Every structure is written in C-alpha cells, then in structure tokens.
Amino acid sequence: MQHALGMLWVAILVGLAAGCVLGVQPSVNGSLGKVVSHPYQAALISFAVGTALLLILCLSTGVFPPSFQSAPGQLPWWIWSGGAIGVVVVTTSLYFVPRVGSVPWFAAIMTGQTLAAILLDHYGWMGNPQASASPLRLVGVGLLVAGVLVIAQAKRSEQAAKRSEQTAEQTVELGEPALPNSANPSSTPVVESTNSE
C-alpha cells in the first residue's frame, strides 16, 4: 500500500514535469511555424526531430529494431494510431496557439484528456486498469471544465479590452477628440455675448 502511494506521487510529479515540457512544445512549434510556409511543414520537422532522437536512443541502448511480443497482424487496429493522434495534437496546436495563446489551448487539451481518461478507466478500455468514475473524480472533471470556461471568459475580456484600446487609438490618430464634447471642457464652444441696444 505504501509503495503504491509512493508510486502515485512519483507519477504525479513526473507528470507535472512532463506537462510543463508539453506546455512549452506548442510555443516552440509555433515559432517554427512562423518561419516555414505551412503548419504541416513545421509538424513534419518536429516529428522528424523526435524520430531521430528516438532512433539514437534505441540504437544506443541496443533495443533496435523493435521486437513484438505478439504478431503485428494480431494486434488491435487502434494500437497503431498513437502517431496519428500526435499529428493531430501538434498540427492543431501549431494553428491555434499563436492565435489564442497557450493557456486557453492547454486548458482545453487537459480537460479533453481528462474526460477521455475517465472513460478509459471507467470501462477499462485500451488496456487501462478498470477504475469506476467515482463522484470525486467527476467533481475533479467538473472543476477542469469550469476552469476552461473561466479561462475562455478571461480571454474574451482581454480581447474586448484590446479592441477598445485600438478604437481609442484610431480615434486619436484621426484627429477626433478622445472624449465627447460634453465630457471635454476644452471642446465646449464659447458663446459670444451680444449687447442689445
């Protein structure tokens, strides 16, 4: 029991560290995407670097070529989809992160991952150990969903404030008063008094 608890905390700490690294990846790829012609090219370069690194690791540790414990033809179809899923995640992040920022994107990604994980654990799909979606787990997912909604609202507020600033700057550049006449004492017209004879 103590060993299992210790393993859980190690997994959480390693997961946090991996999540931090994963949080940097879209910004790195986004910067790469700005200097190539298309997001697909940036994704291709990103995966090529990852493939080269894994090949070096496999060769240096003597675990190349890959060996299967079962015949590849007997394995379930979805077992080959990990790389395709990676392409979807990396390519969509290349498109969206430069436009909406890292926080809204990763909040949505983490929430989606957690929702999928709840289902996988609850039903024991794809080789996961079965663990029912307890009320406490569902509360945690609910908090993540609420967090995404709060972050999305914060992003909308920031964009509205930026639009207001841009409108005010454009108004000043056009030479129009920044404040309406009623609120700007210097723009109040002077009425000349006439003496009636």
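So, how was this worked out
Once a new chain begins, its residue numbering starts again from 1 and follows that chain's sequence as written. Two thresholds apply to this predicted model, a pLDDT of at least 70 for residue-level local features and 80 or more for giving and counting side-chain atom pairs, whereas whole-chain, interface and lining totals are computed over all residues. Calculation of side-chain values draws on the structure's entire complement of heavy atoms; hydrogens and water are dropped beforehand. Runs of E in the DSSP output that reach at least two residues are strands. Runs of H or I that reach at least four are helices, and both are numbered from the N terminus. Relative accessibility under 20% of the residue-type maximum defines a buried residue, over 50% an exposed one, and the middle range a partly exposed one, all with a 1.4 Å probe and only protein chains included. Working definition of accessibility: Shrake-Rupley area with a 1.4 Å probe, residue cover restricted to the visible protein chains. For patch detection, residues must exceed 30% relative accessible area and be free of salt bridges, and they are connected within 9 Å for like charges or within 5 Å for nonpolar side chains (Val, Leu, Ile, Met, Phe, Trp, Tyr). Any Lys or Arg side-chain nitrogen found within 4 Å of a carboxyl oxygen on Asp or Glu counts as a salt bridge. Fitting a line to C-alpha atoms yields each axis, with helices limited to the stretch in contact; the angle taken between N-to-C directions then spans 0 to 180 degrees. To sort the angles, those under 35 degrees are grouped as roughly parallel, those over 145 as roughly antiparallel, those from 65 to 115 as roughly perpendicular, and the leftovers as oblique. Left-handed describes a crossing in which the near helix is turned anticlockwise from the far one by less than a right angle; the clockwise case is right-handed. In this analysis, two residues are considered to be in contact whenever any of their non-hydrogen atoms come within 4.5 Å of each other. Ten residue types, Ala, Val, Leu, Ile, Met, Phe, Trp, Tyr, Cys and Pro, are classed as nonpolar, four, Asp, Glu, Lys and Arg, as charged, and the remainder, Gly among them, as polar. Classification of ring pairs uses Phe, Tyr and Trp, with its six-membered ring standing for Trp, and accepts pairs whose centres are within 6.5 Å; under 30 degrees between planes counts as stacked, over 60 as edge-to-face, and the remaining range as tilted. Note on criteria: charge over ring means Lys NZ or Arg CZ within 6 Å of the ring centre, with the direction from the centre no more than 35 degrees off the ring normal.

Let's talk about the overall build of the chain
Thought 1: Broken down by element type, the chain carries five helices and zero strands.
Thought 2: Along the chain, helices and strands appear, N-terminal first, in the series α-α-α-α-α.
Thought 3: Evaluated residue by residue, the chain yields a buried proportion of 11% over its 197 residues.
Thought 4: As displayed, the chain has an accessible area near 15,100 Å², and 68% of this comes from carbon and sulfur atoms.

Structural notes on a nonpolar patch on the surface
Thought 1: Taken together, the side chains of Leu5, Leu8, Trp9, Ile12, Leu13 and Leu16 define a hydrophobic patch exposed on the protein surface, amounting to about 610 Å² of accessible area.
Thought 2: By the element assignment, leucine 16 lies in helix H1 (residues 2-34).

Quick look at the packing of helix H4 (residues 102-123) against helix H5 (residues 135-173)
Relative orientation and spacing of two packed helices are given, respectively, by the angle between their axes and the distance between those axes.
Thought 1: Between H4 and H5, the shortest axis-to-axis distance is 9 Å and the interhelical angle comes to 160°. Classified by the interaxial angle, the pair formed by H4 and H5 is roughly antiparallel. Of the two possible hands of crossing, H4 and H5 adopt the one that is left-handed. Where H4 abuts H5, its residues Val103, Pro104, Ala107, Ala108, Thr111, Thr114, Leu115, Ile118 and Asp121 lie against Arg137, Val141, Leu144, Val145, Val148, Ile151 and Lys155.
Thought 2: Looking at side-chain class alone, the contact of H4 with H5 contains eleven nonpolar, two polar and three charged residues.

A short note on the environment of leucine 32
Thought 1: With respect to the helices, strands and loops of the structure, leucine 32 is situated in helix H1.
Thought 2: Every residue in contact with leucine 32, bar those within four places of it in the chain, is listed here: Ala42 and Ile45.

A closer look at the packing of aromatic side chains
Both the distance between ring centres and the angle between the ring planes are used here to describe each pair of aromatic rings.
Thought 1: Applying the stated criterion across every chain, the model contains four aromatic pairs.
Thought 2: Aromatic side chains tyrosine 95 and phenylalanine 96 sit 4.9 Å apart centroid to centroid with 90° between the ring planes, which places their arrangement in the edge-to-face category.
Thought 3: Judged by relative accessible area, tyrosine 95 falls into the partly exposed class, the value being 39%.
Thought 4: Joined through ring pairs, the aromatic side chains of Tyr95, Phe96 and Trp105 make up one cluster.
Thought 5: In this structure, arginine 99 packs its charged tip against the face of tyrosine 95, placed 3.9 Å from the ring centre.

Re the pattern of salt bridges
Thought 1: Tallied over the full model, the rule gives one salt bridge.
Thought 2: For aspartate 121, the salt bridge identified is with arginine 137, shortest N-O distance 3.4 Å. Of this pair, aspartate 121 sits in helix H4 while arginine 137 sits in helix H5, and the two are 16 residues apart along the sequence.
Thought 3: A relative accessible area of 35% places arginine 137 in the partly exposed class.

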